[in-house]
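# An overview of the molecular structure
Here are the chains, one letter per residue:
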Amino acid sequence: MPPACHTLSTKEKIRFCQCLRQGKVTQGFSSNITSLVLLKDLKLVGLKSLDCHVLMQQLLAMAIRDILPNKFRLAITRLCFFFNAICRKVLDPVKLDELENKAAIILCQLEVYFPPTFFDIMVHLIVHLVREIKCCGPVYLRWIYPVERYMKILKGCTKNQHHPEASIVERYIAEEATEFCLEYIEKAKHVGLPESRHDKRVGGKGSRGVHVITPTVEDL
């Protein structure tokens, strides 16, 4: 039997991995994609949920643009565009019905190329994503990525492995107290120290126009 249309040859896998390895993203957008691609084994390792989201929404359509059959590549690209559309910060309510119809069409196109075992409950949930937006609002206000990032910060506060919760609480309280002291010190006035006359100008507050003298005609 010939290989399926979604099966990549060795050359196509190399081109796919090289395309992802050469990609660069801004800081905080996702993980360093270069470190997640193994050219020796031709696979991706260490992907987190946000990395999979960025790969599906932005990078996959770019990486497969010249390595798959045209009709199959078009179906995958339309799926990437669909995820990109529903994750925007600004959504037009009039176009939501059109997006919902596109989701059903995309699933029908994928059923032509993928085997039935591919379509589990997670794939069929794509149809209900637009309806969820109508009920709950934009997706970016409800996803878990900011919480996961903050949990990483809290886990970094753990110094005592036997009592991690107490260690996190102690570190959090210490940071809150330090930030409060720094904010208070910035507003406090110096005692016994002369104030510099350049502080306002350095801080962005100019002194021009404060002392304005309007001479009379005779003085001029």
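Residues numbered from 1 in each chain as written. Predicted model: local features only at pLDDT ≥ 70, side-chain atom pairs only at ≥ 80, totals over all residues. Heavy atoms only, no water.

## Here we look at the pattern of salt bridges
Where side chains of opposite charge bring their charged atoms close, a pairing between them can arise. The final tally for this structure, using the stated rule, is seven salt bridges. D66 is the partner of R15 in a salt bridge, and the nearest nitrogen-oxygen pair spans 3.1 Å. Within this pair, whereas R15 is found in helix α1 (residues 10-21), its partner D66 is found in the loop between α3 (49-63) and α4 (70-86), the two being separated by 51 residues in sequence. In this structure, E98 and K102 form a salt bridge, with 3.8 Å as the shortest nitrogen-oxygen distance. Here the residue E98 and the residue K102 both occupy positions in helix α5 (residues 96-113), the gap between them amounting to four residues, near one helical turn. Take E98: its relative accessible area is 45%, and that puts it in the partly exposed class. Ionic contacts of the salt-bridge type, sharing partners, join the residues D97, E100, R131 and K134 into one network. (Salt bridge = Lys/Arg side-chain N within 4 Å of Asp/Glu carboxyl O. Helix = DSSP H or I, 4+ residues; strand = E, 2+ residues; numbered from the N terminus. Buried < 20%, exposed > 50% of the residue type's maximum accessible area, 1.4 Å probe, protein only.)

## Structural notes on the packing of α1 against α3
Close contact between α1 and α3 brings their axes to 9 Å; oriented N to C, the two are set at 125°. By the angle class used here, α1 and α3 are oblique. Handedness of the crossing formed by α1 with α3: right-handed. Only L55, L59, L60, M62 and A63 of α3 make contact with α1, whose side of the interface consists of F16, C19 and L20. (Axes fitted to C-alpha atoms, helices over the stretch in contact; angles between N-to-C directions. Parallel < 35°, antiparallel > 145°, perpendicular 65-115°, else oblique. Left-handed = near helix turned anticlockwise from the far one by under 90°. Contact = heavy atoms within 4.5 Å.)

## Side note on a nonpolar patch on the surface
On the surface, Y150, I153, V169, Y172 and I173 cluster together to form a nonpolar patch covering roughly 490 Å² of accessible area. Sorting the residues of the nonpolar patch by element identifies α8 (145-156) and α9 (164-187) as the ones contributing at least two each. By residue number, the principal contributor to the nonpolar patch is α9, which donates three residues. Relative to the elements of secondary structure, Y150 occurs in helix α8. Taking relative accessible area as the criterion, Y150 reaches 39% and is therefore assigned partly exposed. (Patch = residues over 30% accessible without salt bridge, like charges linked within 9 Å, V, L, I, M, F, W, Y side chains within 5 Å. Areas by Shrake-Rupley, 256 points an atom, 1.4 Å probe, with all protein chains shown as cover.)

## Some thoughts on the side chain of D51
Topologically, D51 is positioned in helix α3. The side chain of D51 sits in the buried core without any salt bridge; K48 is the nearest counter-charge, 6.2 Å away. In this structure the side chain of D51 is engaged in a polar contact, spanning 3.0 Å, whose partner is the side chain of S31. Setting aside residues no more than four positions away along its own chain, D51 makes contact with S30, S31, L36 and G46. (Lys, Arg positive; Asp, Glu negative; His and termini not counted. Polar contact = N/O pair within 3.5 Å; in protein donor to acceptor, adjacent residues only side chain to side chain.)

## Things to note about empty space enclosed by the protein
One pass over the full model with this rule turns up two cavities of 30 Å³ or more. If you trace the largest cavity, you find it lined by L20, I33, L36, V37, L44, L47, D51 and L55. Counting residues per element, the ones that place at least two in the lining of the largest cavity are α2 (33-36) and α3. For the lining of the largest cavity, the class distribution of residues is seven nonpolar, no polar and one charged. In this structure, the second largest cavity occupies an estimated 30 Å³ of space. As for the second largest cavity, its lining consists of L20, G23, K24, V25, I33, L59 and M62. Looking at the lining of the second largest cavity residue by residue, the classes come out as five nonpolar, one polar and one charged. (1 Å grid on protein atoms, 1.4 Å probe; cavity = no way out; pocket = protein on both sides within 12 Å on 5 of 7 lines; lining within 4 Å. Points joined across faces, edges and corners; volume = space filled by probe spheres on them. Nonpolar A, V, L, I, M, F, W, Y, C, P; charged D, E, K, R; others polar.)

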